[in-house]
Amino acid sequence: MSRRVLIVDDEKGIREALKQVLEYEEIEVQTCASGHEALRAYPEFRPHLVFLDVKMEGMDGLETLKRVRELDPHAQVVMISGHGTIQTAVEATQLGAYDFLEKPLDTDRILLTLRNALQHVVLVSENVRLKQEVHAQYEIVGSSKAIRAVIERLEKVAPTPARVLITGQNGTGKELVARAIHALSPRAAGPFVEVNCAAIPSELIESELFGHVKGSFTGAFADRAGKFELADGGTLFLDEIGDMSLSAQAKVLRALQEGVISRVGSGKTLTVDVRVIAATNKHIEQEIREGRFREDLLYRVNVVPIEVPPLRARRGDIPELVAHFAAELIRGGLPSKEIEPAAVQRLTAHDWPGNIRELKNGVERLLILAAGETVTEADVERLVGTAQGRWGTADDGGGDATWLRAATFEEFKQAAERAFLATKLQEHDWNVSETARTLQMPRSNLYKKIERYGLAREGGA
């Protein structure tokens, strides 16, 4: 990588001496005799480092430093002066100077400062790149008023140590919000540990959260750290906290109150530094009334509430989400297909009870199963299943929406085959013989599949 340094000094001898030293280090150098000249050169030259004299005729070095930092907030500037004072050095530092050197300049000190400053530039660039990657990875797509409110709330709470309770329906992106809060927090370099409280049996949840010691219960063959310990210094995400057992809730409450935990089977306490973010799809107030959730725990985890809206409350974001998912899936290896505007409009009109997760699944299946190089409105109709009369029976309960609802790959294959057969039958005006010939399939097999999938033409087969 070419390294560029700008030298700004009204003494020609200083400029030439510095230039000679730096060019020997294979650095591209440009010199300026005044602050005004430097401000004109900076935007085009884009130096990695600036050596800037403090005392110059006209615009002095401190004013030039201020103007340079306005042009580029990340500018790395080393001030040089023949009669520097502590006050001048402090003022330069406050204005954003990286270092302060006194004349006469020492070659070794110049080179040491140069290397440190350029290394700092690399670290700053890497930090910016990593932040961009984090933003892309945990990007919350959408510009609707509802989702902007969520983003504004999480950006405010992320830099603080406050606990957050994220509420919303399944598939709305609660985990994405939690990860975004962690990524934007001072704990971003620490671990992000997730626990799905609904997926762990009640008799194991305490061991999962707090760990256990050998022999504390049947199957405890060795000491094991829990999620609180693993998340020390980072963030613990308690997903579906509304499904946690009351006994585990009591232990979590203690951990939040005192910052200590005990492994199952051990009387020894361990100090942990964990930020807890919780999420639930349940109405916690109702759970409290029915005795299934501790009110005092709610007060502990619900310092800042964030409600993630269902997709039907932010329909305006669906075109943007469709484009985002399509681009992501195509980069992942799926066939590149254009999604027609009418198809996007039809996707936007659908209610998506499974929210973001269901929409992403739908886009993926459209890219895989839609014939041709474009996804059409007809493809979407087959996906969301409104055309019951053409492709399904009246009691089908949503036609080929089973493409989206399939819980397993086997169900998905069956739904896809059903849709494919229905398309071919429709192409041949439901003539079974012609369809069987096209598919190179015995008529008896096709009849069996028609019966198995309940395919019927509108008005009878």
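The notes below deal with the structure included here.

Here is what the cut-offs are and how they apply
Residues numbered from 1 in each chain as written. Predicted model: local features only at pLDDT ≥ 70, side-chain atom pairs only at ≥ 80, totals over all residues. Heavy atoms only, no water. Helix = DSSP H or I, 4+ residues; strand = E, 2+ residues; numbered from the N terminus. Buried < 20%, exposed > 50% of the residue type's maximum accessible area, 1.4 Å probe, protein only. Contact = heavy atoms within 4.5 Å. Areas by Shrake-Rupley, 256 points an atom, 1.4 Å probe, with all protein chains shown as cover. Core = buried A, V, L, I, M, F, W, Y, C linked by side-chain atoms within 4.5 Å. Pairing = 2+ DSSP bridges. Salt bridge = Lys/Arg side-chain N within 4 Å of Asp/Glu carboxyl O. Polar contact = N/O pair within 3.5 Å; in protein donor to acceptor, adjacent residues only side chain to side chain. Axes fitted to C-alpha atoms, helices over the stretch in contact; angles between N-to-C directions.

**Quick notes on the overall build of the chain**
For the chain, the count of helices and strands is 21 helices and 14 strands. Of all 461 residues assigned to the chain, the portion counted as buried reaches 46%. Expressed as a percentage of contacts within the chain between residues at least 6 apart in sequence, the contacts between residues at least 24 apart total 69%. Accessible surface, the chain: about 23900 Å² in total, of which carbon and sulfur atoms supply 49%.

**What to know about the nonpolar core**
Judged by nonpolar contacts, the single largest core of 29 residues is most densely connected at Leu-209, Phe-228, Leu-236, Leu-238, Met-244 and Val-252. Elements represented by at least two residues in this core include exactly strand 7 (192-196), helix 8 (202-210), strand 8 (235-239), helix 10 (246-258), strand 11 (275-280) and helix 12 (295-301). The element best represented in this core is helix 10, accounting for five residues. In this structure Met-244 touches Cys-197, Ile-205, Leu-209, Leu-238, Gln-249, Val-252 and Arg-292, once residues within four positions along its chain are discounted. By size, the runner-up hydrophobic cluster in this structure holds 24 residues, among which are Phe-325, Val-363, Leu-367 and Leu-383.

**Quick notes on unusual backbone geometry**
Geometrically, the link from Lys-103 to Pro-104 is a cis peptide bond, its omega value of 0 degrees lying close to zero. Along the polypeptide, Pro-104 turns up in the loop between strand 5 (99-102) and helix 5 (107-137). One non-glycine residue, Glu-240, lies in the positive phi region at around 55 degrees. Within the element layout of this structure, Glu-240 appears in the loop between strand 8 and helix 10. For Asn-355, which is not a glycine, the phi torsion comes out positive at approximately 60 degrees. Relative to the elements of secondary structure, Asn-355 occurs in helix 15 (residues 355-369).

**Structural notes on the pairing of strand 12 (residues 304-307)**
Of the two faces of strand 12, only one is covered, namely that formed by Val-304 and Ile-306; the face formed by Pro-305 and Glu-307 stays uncovered. Examined bridge by bridge, strand 6 (residues 164-167) and strand 12 share four bridges and lie parallel to one another. By the bridge assignment, Val-164 is partnered in strand 12 with Val-304.

**A look at the pattern of salt bridges**
Tallied over the full model, the rule gives 26 salt bridges. Between Lys-12 and Glu-16 there is a salt bridge, with its nearest N and O atoms 3.9 Å apart. With a gap of four residues between them, Lys-12 and Glu-16 both fall in helix 1 (residues 12-24), about one helical turn apart. On the accessibility criterion, Glu-16 (47% relative accessible area) is partly exposed. Its salt-bridge partner being Asp-317, residue Arg-314 comes within 2.8 Å of it at the nearest N-O pair. Taking relative accessible area as the criterion, Asp-317 reaches 0% and is therefore assigned buried. Beyond isolated ion pairs, a larger network of salt bridges with shared partners links Asp-9, Glu-11, Asp-53 and Lys-103.

**Here we look at the environment of Arg-148**
Residue position: Arg-148 is located in helix 6 (residues 145-157). Within polar-contact distance, the side chain of Arg-148 engages the backbone oxygen of Ser-143 at 2.6 Å.

**Considerations on the sheet that holds strand 7**
Within the open sheet, the five strands sit side by side as 7-8-11-6-12. Their pairing is parallel. Strands at the two margins of the open sheet, each flanked by one partner only, are strand 7 and strand 12. When the angles between neighbouring strand axes are averaged without regard to direction, this sheet yields 20 degrees. Most of the contacts of helix 6 go to strand 12, to which it runs at about 155 degrees, and overall it touches strand 6, strand 11 and strand 12.

**Quick word on helix 14 (residues 341-349)**
The α-helix advances 3.6 residues per turn, and as a result positions three or four apart in sequence lie on the same side. When helix 14 is considered as a whole, its buried residues turn out to be Ala-343, Val-344, Arg-346, Leu-347 and Thr-348. Where helix 14 is buried, its residues touch helix 13 (318-331), strand 13 (338-339), helix 15, strand 14 (374-375) and helix 16 (377-384).

**Re the sheet that holds strand 4 (residues 77-81)**
What the five strands build is an open sheet, ordered 2-1-3-4-5; its pairing is parallel. The open sheet terminates on both sides in strands that have one partner only, identified here as strand 2 (28-32) and strand 5. Neighbouring strand axes in the sheet, compared pairwise and without regard to direction, differ in orientation by 20 degrees on average. Pairing of strand 1 (residues 4-8) with strand 3 (residues 49-53) involves four bridges; the strand directions are parallel. When the bridges of strand 3 are listed, Val-8 appears paired with Leu-52. This element, helix 1, spans strand 1, strand 2, strand 3 and strand 4 of the sheet and lies at about 170 degrees to strand 2.

None of this, on its own, says anything about what the molecule does.
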